[in-house]
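Here is how the chains run, residue by residue.
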Amino acid sequence: MAVTLEEAPWLGWILVKALMRFAFMVANNLVAILSYICYVIILQPLRLLDSKRFWYIEGIMYKWLLGMVASWGWYAGYTVMEWGDDIKAVSQDEAVMLVNHQATGDVCTLMMCLQDKGLVVAQMMWLMDHIFKYTNFGIVSLIHGDFFIRQGKSHRDQQLLLLKKHLEKNYRSRDRKWIVLFPEGGFLRKRRETSQAFAKKNNLPFLTHVTLPRIGATNIILSALVARQENGSPAGGDAKELGSKSKGLQWIIDTTIAYPKAEPIDIQTWILGYRKPTITHVHYRIFPIKDVPLETDGLADWLYQRFIEKEELLSHFYETGAFPPPKGHKEAVSREMTLSNMWIFLIQSFAFLSGYMWYNIIQYFYHCLF
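The rules behind these values
- Residues numbered from 1 in each chain as written.
- Predicted model: local features only at pLDDT ≥ 70, side-chain atom pairs only at ≥ 80, totals over all residues.
- Heavy atoms only, no water.
- UniProt positions renumbered as here; feature names shortened; annotations may be inferred.
- Pairing = 2+ DSSP bridges.
- Helix = DSSP H or I, 4+ residues; strand = E, 2+ residues; numbered from the N terminus.
- Axes fitted to C-alpha atoms, helices over the stretch in contact; angles between N-to-C directions.
- Contact = heavy atoms within 4.5 Å.
- Buried < 20%, exposed > 50% of the residue type's maximum accessible area, 1.4 Å probe, protein only.
- Phe/Tyr/Trp six-rings, centres within 6.5 Å; stacked < 30°, edge-to-face > 60°.
- Core = buried A, V, L, I, M, F, W, Y, C linked by side-chain atoms within 4.5 Å.

Looking up the protein in an unreviewed UniProt entry gives the name Acyl-CoA:lysophosphatidylglycerol acyltransferase 1, with the organism given as Enhydra lutris kenyoni. Per UniProt, the comment on the protein under Sequence similarities (unreviewed entry) is "Belongs to the 1-acyl-sn-glycerol-3-phosphate acyltransferase family."

Focus on the sheet that holds strand β6 (residues 249-258)
Ordered in space as β4-β3-β5-β2-β6-β7-β1-β8, the eight strands form an open sheet in which the pairing is mixed. Both outer strands of the open sheet, β4 (147-149) and β8 (334-337), are each paired with one neighbouring strand and no more. Going across the sheet, the axis of each strand differs from the next one's by a mean of 25°, ignoring polarity. Contacts between helix α4 (residues 105-113) and the sheet are confined to β1 (78-84), β2 (94-99), β3 (124-129), β5 (178-181), β6, β7 (278-288) and β8, with β1 contributing the most and set at about 75° to the helix.

Structural notes on the pairing of β1
Counting buried positions along β1 yields six of seven residues, so the element is predominantly enclosed. Pairing of β1 with β7, which is carried by seven bridges, proceeds in the parallel orientation. Opposite T79, over in β7, you have I279 as the bridge partner. The sheet contact formed by β1 and β8 spans four bridges and is antiparallel. By the bridge assignment for β8, M81 is matched with E336.

Quick look at the environment of I33
Note that I33 resides in helix α1 (residues 7-42). Separated by 123 residues in sequence, I33 and R156 have C-alpha atoms that sit 31 Å apart. Not counting the four nearest positions on each side in its chain, I33 is found in contact with N28, L65, N136, F137, I139 and V140.

Details of the packing of aromatic side chains
Two aromatic rings, taken as a pair, are described by how far apart their centres are and by the angle between their planes. On inspection of all chains with the given rule, the structure shows 13 aromatic pairs. Seen from their ring centres, W64 and F350 are 5.3 Å apart, and the 75° between their planes marks the pair as edge-to-face. Remark: F350 occurs in helix α11 (residues 341-369) and W64 occurs in helix α3 (residues 51-74); sequence separation between them is 286 residues. Overall, W64 belongs to the partly exposed group, its relative accessible area being 26%.

Considerations on the nonpolar core
Counting 60 residues, the largest nonpolar core has M97, L110, L114, W126, W178 and I253 as the members making the most contacts within it. The element best represented in this core is α3, accounting for eleven residues. Excluding its chain neighbours within four sequence positions, the residues that come into contact with W126 are Y62, L66, V107, L110, M111, D146, F147 and V180. In terms of nonpolar packing, the next biggest core, distinct from the first, is built from 43 residues, M81, L225, V226 and L313 among them.

Right, here's the structure in full:
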């Protein structure tokens, strides 16, 4: 499409802004990630003496790193509107977030909207595709203890076994509280056709805005982390008594991400900021773990029902621009999520000052040795 004379200055500014943002992201990644690695190395004696304190400090730095990623979208005008249950009420309990997956921007959106939920981000474990291991953030996720899962039938059984071992080794020893899981096992555009064929073959609902979830990872997580009572039933929270302090996994947070006009944001857009300001909408629904069936067949039916509800939520959103109200209410209430500009300034300043400090320390030792 030809560019008119009136559009040329605007497009030129978009290009210049994208290049400036990209240069800043590169510098931001270099100083922040390398500083994080240096701090982790220097704190290894503390890990031996007081493991809990070490992982607390590591978690705070991890939260700051994710806050920096969130700020890239924030200053491009990519904000979040939250709907449904208030998940701050369960931020100190153990929980699993089940999230629909449309694009790489889903991860960035969650990094943003969870920043104001106390220590959730610091104590969170992500389950993500193994390809993220090879990104700039891969080394940070490896240190933090996130799990990279390889997709495909040929890898499925082995990956589930590795996930079980990973949870047993890292989840409670590192004081993790929340797990983020994308049960669909891939992006909507890549899995929709296969999911619809599976649904038709097995007489399941035909879904267009989400795909049918895979059960394996959810089953492993619940089996490994749900505390059992003496009668074998799960010990978990009560939605009416959010002060419950039962041990083990207590909540399932059904999380639905919706983009205006069903046009998801990808990581390139988040970094370069060439798309117009956009509000992403996130809907939460909290389920106490005691209401979730743990046997495989019952869990499969329960998960399918959640994604059928997601389909209905998204259909309503794309038609009206809003999520439907909860049962018994006349209208849905939304909450605008905000980031503190001062907090962003402070963590960015700390990152660049740390980068400068570590550069001088490494340079000093290099000159001493060589």
